[in-house]
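Below, each chain spelled out in residue letters.
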Amino acid sequence: LSTALLYANHLGNDALPSVERKKFAAKTIERLHHLEHLTKDMLRFVKGEARRREPVVVSDLLAELRQVVEPHMAQRDLQFTVDDQSAAETMITDHQALCGAMINLLENAMQATAPGGQIVLACRLQEKNIILSVHDDGPGIDAALQERLFEPFFTTRAEGTGLGLAIVRGVIESMGGDVHIHSIPHEG
């Protein structure tokens, strides 16, 4: 939604050439369709419906995530790096739900990181596991709060709902994965 709003905001610029206006309109529609799919996936998750599993090339997933979040990173003056060590590995998963979970983690990192900071989306292989991680150089999280972050309705932000990380954990666990937080106060 944030990406769609960013693109739609550009459409209000009267000095924008027609070609650029069409480009932003197409990107806005693309993001709204993506949001529609994510909403459907979250509703399926809440209802406990079966997920569609399909082959997903990890490098393609990382490229898609870059395309979605890079405009937000630039808008917030954040440096964004993708460290892809997936070696073109493929996994069988629910593409849309995994993408939505990763976007949620990246948005949390953006909210925690001050302008000028850095966020890294990384993928590495460890034996038969694919490890996706999001690193930021924000203030970090106190050890006492780390495990509570996955509890529904628990939040450390005044404007937060406390559902984002709970949904992330549910989505990842429904795919047979695990979610872990490794954070040290003042180190991200």
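The structure reproduced in this document is the subject of the present report. (Residues numbered from 1 in each chain as written. Predicted model: local features only at pLDDT ≥ 70, side-chain atom pairs only at ≥ 80, totals over all residues. Heavy atoms only, no water.)

Observations regarding the pattern of salt bridges
Logical step 1: Applying the stated criterion across every chain, the model contains 4 salt bridges.
Logical step 2: For the salt bridge of E20 with K23, the shortest nitrogen-to-oxygen distance reads 3.4 Å. You can see E20 and its partner K23 sitting in helix α2 (residues 18–47), 3 residues apart, about one turn around the helix.
Logical step 3: Two residues, R31 and E30, come together in a salt bridge whose shortest N-O distance is 3.3 Å.
Logical step 4: Looking at E30, the relative accessible area reads 36%, which means it is partly exposed. (Salt bridge = Lys/Arg side-chain N within 4 Å of Asp/Glu carboxyl O. Helix = DSSP H or I, 4+ residues; strand = E, 2+ residues; numbered from the N terminus. Buried < 20%, exposed > 50% of the residue type's maximum accessible area, 1.4 Å probe, protein only.)

Thoughts on unusual backbone geometry
Logical step 1: Here E127, not a glycine, exhibits a phi torsion of approximately 55°, which is positive.
Logical step 2: Among the structural elements, E127 can be located in the loop between β4 (118–126) and β5 (129–136).
Logical step 3: One non-glycine residue, H186, lies in the positive phi region at around 70°.
Logical step 4: Position of H186 among the secondary structure elements: in the segment after α6 (164–174).

Comments concerning the nonpolar core
Logical step 1: Counting 33 residues, the largest nonpolar core has L65, M73, F80, L106, I119 and L121 as the members making the most contacts within it.
Logical step 2: Elements represented by at least two residues in this core include exactly α3 (58–75), β2 (79–84), α4 (95–112), β4 and α6.
Logical step 3: Counting residues per element, this core draws most heavily on α4, which supplies 9 residues.
Logical step 4: Residues in contact with L65, not counting those within four places in the same chain, are C99, M102, I103, L106 and L121. (Core = buried A, V, L, I, M, F, W, Y, C linked by side-chain atoms within 4.5 Å. Contact = heavy atoms within 4.5 Å.)

Digging into the environment of E107
Logical step 1: Here E107 shows up in helix α4.
Logical step 2: Expressed as a C-alpha distance, the spacing of E107 and V69, which sit 38 residues apart in the sequence, is 8.1 Å.

Details of the packing of aromatic side chains
Centre-to-centre distance and the angle between the planes together describe a pair of aromatic rings.
Logical step 1: Counted under the stated rule, the structure contains 1 aromatic pair.
Logical step 2: On the numbers, 5.9 Å between centres and 35° between planes, the contact of Y7 with F24 is tilted. Note that Y7 is positioned in helix α1 (residues 2–11) and F24 in helix α2, a separation of 17 residues in sequence.
Logical step 3: In this arrangement the basic side chain of K23 is found over the ring face of F24, its NZ or CZ atom lying 5.5 Å from the centre. (Phe/Tyr/Trp six-rings, centres within 6.5 Å; stacked < 30°, edge-to-face > 60°. Lys NZ or Arg CZ within 6 Å of the ring centre and 35° of its normal.)

Topic: the sheet that holds β2
Logical step 1: With mixed pairing, 3 strands are arranged side by side in an open sheet as β2-β4-β5. The open sheet terminates on both sides in strands that have one partner only, identified here as β2 and β5. Across the sheet, the mean angle from the axis of one strand to that of its neighbour is 10°, orientation sign disregarded.
Logical step 2: Here β2 pairs with β4 via 6 bridges, running parallel. Within β4, the residue paired with D84 across the bridge is C123.
Logical step 3: Helix-sheet contacts for α3 involve β2, β4 and β5, and the interaxial angle to β2 is about 180°.
Logical step 4: Its contacts with the sheet place α4 against β2, β4 and β5, and it is angled at close to 25° to β5. (Pairing = 2+ DSSP bridges. Axes fitted to C-alpha atoms, helices over the stretch in contact; angles between N-to-C directions.)

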